[in-house]
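Topology and contacts: notes
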Protein chains: 2
Amino acid sequence: MSSPPGVPSISIKTRIGWIGTGVMGVSMCGHIMAKGYDASVFNRTKQKAQPLLEKGAAWAKSARGLAENCDVVFTMLGFPQDVREVYFGDDGILQGARRGLIVIDMTTTEPGLAREIYEAAKKHGAFAVDAPVSGGDVGARDATLSIMTGGDREVVDAIKPILEVMGKNIMHQGPAGSGQHTKMCNQIVIAGTMIGVCECLLYGFKAGLDLQTMLDSIKPGAARCWSLDNLAPRILRRDFSPGFLVEHFIKDMAIALKESAQMGISLPGLALVHQLYVAVKAQGQGKSGTQALMIALEQLSHIQVD
Amino acid sequence: MSSPPGVPSISIKTRIGWIGTGVMGVSMCGHIMAKGYDASVFNRTKQKAQPLLEKGAAWAKSARGLAENCDVVFTMLGFPQDVREVYFGDDGILQGARRGLIVIDMTTTEPGLAREIYEAAKKHGAFAVDAPVSGGDVGARDATLSIMTGGDREVVDAIKPILEVMGKNIMHQGPAGSGQHTKMCNQIVIAGTMIGVCECLLYGFKAGLDLQTMLDSIKPGAARCWSLDNLAPRILRRDFSPGFLVEHFIKDMAIALKESAQMGISLPGLALVHQLYVAVKAQGQGKSGTQALMIALEQLSHIQVD
């Protein structure tokens, strides 16, 4: 990938556009505005953008209109089809793209789609970066997200001052799509920790252990993991509120499995966990947090850890 | 379980017996001797007890002989059949058991076997505790093991001064077998983290990522786990030395699966990981460290992460 000419430099006068004002997007765009940048926002449901409009964000009538009037456009959406529509649709970003525009997709989406956007942007003389995050709603609120970038390094370097407003651990991973691939790696590890933690609790419960005392024994050692520290306590309280949505995790795992199949690698652990989460969703828990994996395992063995 | 009468109190004059002088046992018994306790040792291969004999440990001709001449006997062996032989064999511990003897099995073994030993000891007026550990050879060497105990609380309380010489996080988990059950919970979580970490590396490699940079992105977040911190770097160096042996992990998972089936719970994640480790062993890696799971996943997809 050759170094792109004419990457614009960022200043406080840079006009920021933000598309996707869900829980994550509102926090993230809010941090940027708090730094003094002017922002325009667009969202399918205008109502959700209200907190940002009240802080002085301008409302754009379409993704296209927003792109036409901004220098840097961020997107933080739900599913790959949403991303495709917002970029490639009739009133999409690319219809409004011009030389020097920078677009940054922070949605977790398909690496192949990130490459498509990169190539399409290039045709307009625009620059595209994929920059998915980890850290969830809490990381977005506290501006402690990890941000994994893919695309031209010069472009990522240029926008770093803005990314640093939203996150702490910002690492460039390689050409377009590499940010998305890195996020897939993240989700693959989590798939493993989630099944380990839930099966551990099921076993411990059925073995008659006091689960809190068991957790206190195993938490400091080789079983140590974020899911054990943060989600096992929620499961013990039967708190299945999100955190991170089951249906978004299913989407991410499906992307990783599709990519894996295309690359010719077999990931049997991920495939199993994905299927169990499909079961979680089938049981009406698509909007629950990922710790609801417990519910599918309980159904499987016809018991309840309570 | 009623409170047992006549639990002996421990003093520096308590005569310690130690059976099983592998890498773990030599370190653990060494710590006890360093505190000033007199120790007698027995091992199938006398050669391996040499470091302790040189420090002044007495050699016992059999487990039975050792039990007859000690107040507290520890066992740290390999497989459940070794434990059964050492306790129930013709020249075994229980043949030498008497009123007030305390036996402590620190091997990771079957919860049902722990209960058998407990009941058999009781018939002699002796006391049995199951006390498996986590923390591996490093934890044994540095006396930082986690110790999970099962049995009568009064007995565990009595021997706590000795356990504290070997470990830091000593927690009583319930009646006989509960220490073993807790260790199974520990291993179930690790089975999940191991497959997550290895599949992540396989995916990242095939996606063309720089694996170290990818790890630096995901390590601080929700993917955080001991295996990612400690074993992923070894895999990147193609260092499959143990740590914790594949064949011991297979044993532990087989125990957990057998117990699960008996309790009527289905653990599909654990079952899959167990089978993959059986493949690792089939590929001649039984004496490698658990990070050799990578090798089975590589074989499966006919690639090598290198």
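Residues numbered from 1 in each chain as written. Chains lettered and ligands numbered in written order. Predicted model: local features only at pLDDT ≥ 70, side-chain atom pairs only at ≥ 80, totals over all residues. Heavy atoms only, no water.

A closer look at helix H5 (residues 111-123) of chain A
Look at H5 of chain A: 19 Å from first C-alpha to last across 13 residues, which is about the 18 Å you get at 1.5 Å a residue. Buried within H5 of chain A are the following residues: Pro111, Leu113, Ala114, Ile117, Tyr118, Ala120 and Ala121 of chain A. Contact partners of the buried residues in H5 of chain A: helix H4 (80-88), strand E5 (102-105), strand E6 (127-130), helix H8 (178-206) and helix H12 (246-263) of chain A together with helix H8 (178-206) of chain B. In the segment just after H5 of chain A, Gly125 of chain A is the residue with positive phi, at about 75°. (Helix = DSSP H or I, 4+ residues; strand = E, 2+ residues; numbered from the N terminus. Expected span 1.5 Å × (residues − 1). Buried < 20%, exposed > 50% of the residue type's maximum accessible area, 1.4 Å probe, protein only. Contact = heavy atoms within 4.5 Å.)

Some remarks on empty space enclosed by the protein
Overall, the coordinates contain four cavities of 30 Å³ or more when judged by the stated rule. Contributing elements (two or more residues each) for the lining of the largest cavity: strand E5 (102-105), helix H5 (111-123) and strand E6 (127-130) of chain B. By residue number, the principal contributor to the lining of the largest cavity is H5 of chain B, which donates four residues. In this structure, the second largest cavity occupies an estimated 60 Å³ of space. Along its surface, the second largest cavity is lined by Tyr87, Val103, Ile104, Asp105, Ala114, Ile117, Tyr118, Ala128, Val129, Asp130, Gly150 and Ala176 of chain A. Breaking the lining of the second largest cavity down by element, the ones donating at least two residues are E5, H5 and E6 of chain A. Among the residues forming the lining of the second largest cavity, the class breakdown is nine nonpolar, one polar and two charged. (1 Å grid on protein atoms, 1.4 Å probe; cavity = no way out; pocket = protein on both sides within 12 Å on 5 of 7 lines; lining within 4 Å. Points joined across faces, edges and corners; volume = space filled by probe spheres on them. Nonpolar A, V, L, I, M, F, W, Y, C, P; charged D, E, K, R; others polar.)

Considerations on the interface of chain B and chain A
The partner chain A presents 62 residues to the 63 residues of chain B that form the contact. Across the interface of chain B and chain A, roughly 5000 Å² is buried in total on both sides, 67% from carbon and sulfur atoms. The interface formed by chain B and chain A holds two salt bridges in total. Measuring nitrogen to oxygen at the nearest pair gives 3.6 Å for the salt bridge that ties Asp229 of chain A to Arg224 of chain B. In this assembly, chain B and chain A are joined by 20 residue pairs in polar contact (both at pLDDT 80 or more). Going through the elements one at a time, strand E8 (145-150), strand E9 (167-174), H8, helix H9 (211-218), helix H10 (226-230), helix H12 (246-263), helix H13 (268-285) and helix H14 (293-301) of chain B are the ones with two or more residues in the side of chain B that touches chain A. For the side of chain B that touches chain A, the element with the most residues is H8 of chain B, which contributes 20 residues. (Buried area = accessible area lost by both parts, 1.4 Å probe. Salt bridge = Lys/Arg side-chain N within 4 Å of Asp/Glu carboxyl O. Polar contact = N/O pair within 3.5 Å; in protein donor to acceptor, adjacent residues only side chain to side chain.)

Details of the pairing of E9 of chain B
Residue and element names in this part refer to chain B. Counting buried residues along E9, seven of its eight residues qualify, which places the element largely inside the surrounding structure. Taken together, the six bridges between E8 and E9 define a ladder with parallel strand orientation. Each bridged residue has a counterpart across the sheet, and for Gly150 the counterpart in E9 is Gly174. For the handedness criterion, the β-α-β arrangement of E8, helix H7 (residues 153-166) and E9 is classed as right-handed. (Pairing = 2+ DSSP bridges. Right-handed = clockwise from strand over helix to strand, strands pointing away.)

Focus: the confidence of the model for chain A
For chain A, per-residue confidence averages 96 on the pLDDT scale, and 98% of positions sit at 70 or higher. Interface predicted TM-score (ipTM) for the complex: 0.96; the corresponding pTM is 0.96. (pLDDT = per-residue confidence, 0-100.)

Points about the domain arrangement of chain A
Residue and element names in this part refer to chain A. Segmenting chain A into domains produces domain 1 (16-175) and domain 2 (182-301). Each of domain 1 and domain 2 has a C-alpha centre, and these two points are 29 Å apart. Each partner contributes residues to the interface: domain 1 has 15 residues there, and domain 2 has twelve residues. Note on domain 1 versus domain 2: buried area summed over both sides is about 1100 Å², and carbon and sulfur give 61% of it. Contact with domain 2 buries surface across domain 1, with Phe79, Thr108 and Glu110 losing the most and accounting together for 41% of the total. (Domains from an automatic or database assignment.)

Focus on the relation of the copies chain B and chain A
Taken as rigid bodies, chain B and chain A are interconverted by a rotation of 180° and an axial shift of 0.0 Å, the fit giving an RMSD of 0.0 Å. The transformation relating the two chain copies, once decomposed into turn and shift, fits a two-fold axis. Here 98% of the contact residues of chain B are again contact residues in chain A; the copies associate through an equivalent surface. (Least-squares fit on C-alpha atoms with pLDDT ≥ 70 in both.)

A word on unusual backbone geometry
Even without being a glycine, Ala143 of chain A presents a positive backbone phi close to 60°. You can see Ala143 of chain A is positioned in the loop between helix H6 (136-142) and strand E8 (145-150). Although it is not a glycine, Arg238 of chain B adopts a positive phi angle of roughly 55°. Among the secondary structure elements, Arg238 of chain B is positioned in the loop between helix H11 (232-236) and H12.

Quick look at H7 of chain B
Residues and elements named next belong to chain B. When the terminal C-alpha atoms of H7 are compared, their 19 Å separation across 14 residues agrees well with the 20 Å that a helix rising 1.5 Å per residue should span. Along its length, H7 shows its largest kink, about 55°, at Lys160, and proline Pro161 lies within four residues downstream of that point. Within H7 the residues assigned to the buried category are Val155, Val156, Ala158, Ile159, Ile162, Leu163, Val165 and Met166. (Bend = angle between axes of the 7 residues up to and from the residue.)

A word on the packing of aromatic side chains
Counted by the stated rule, this structure contains eight aromatic pairs over all chains. Measuring from centroid to centroid gives 6.0 Å for Phe244 of chain B and Phe249 of chain B, while their planes differ by 70°, and the two rings are edge-to-face. An aromatic cluster of three or more residues is present, and its members are Phe244, Phe249 and Tyr277 of chain A. Positioned above the aromatic ring of Phe79 of chain A is the side chain of Lys251 of chain A, whose terminal nitrogen or guanidinium carbon lies 5.8 Å from the ring centre. (Phe/Tyr/Trp six-rings, centres within 6.5 Å; stacked < 30°, edge-to-face > 60°. Lys NZ or Arg CZ within 6 Å of the ring centre and 35° of its normal.)

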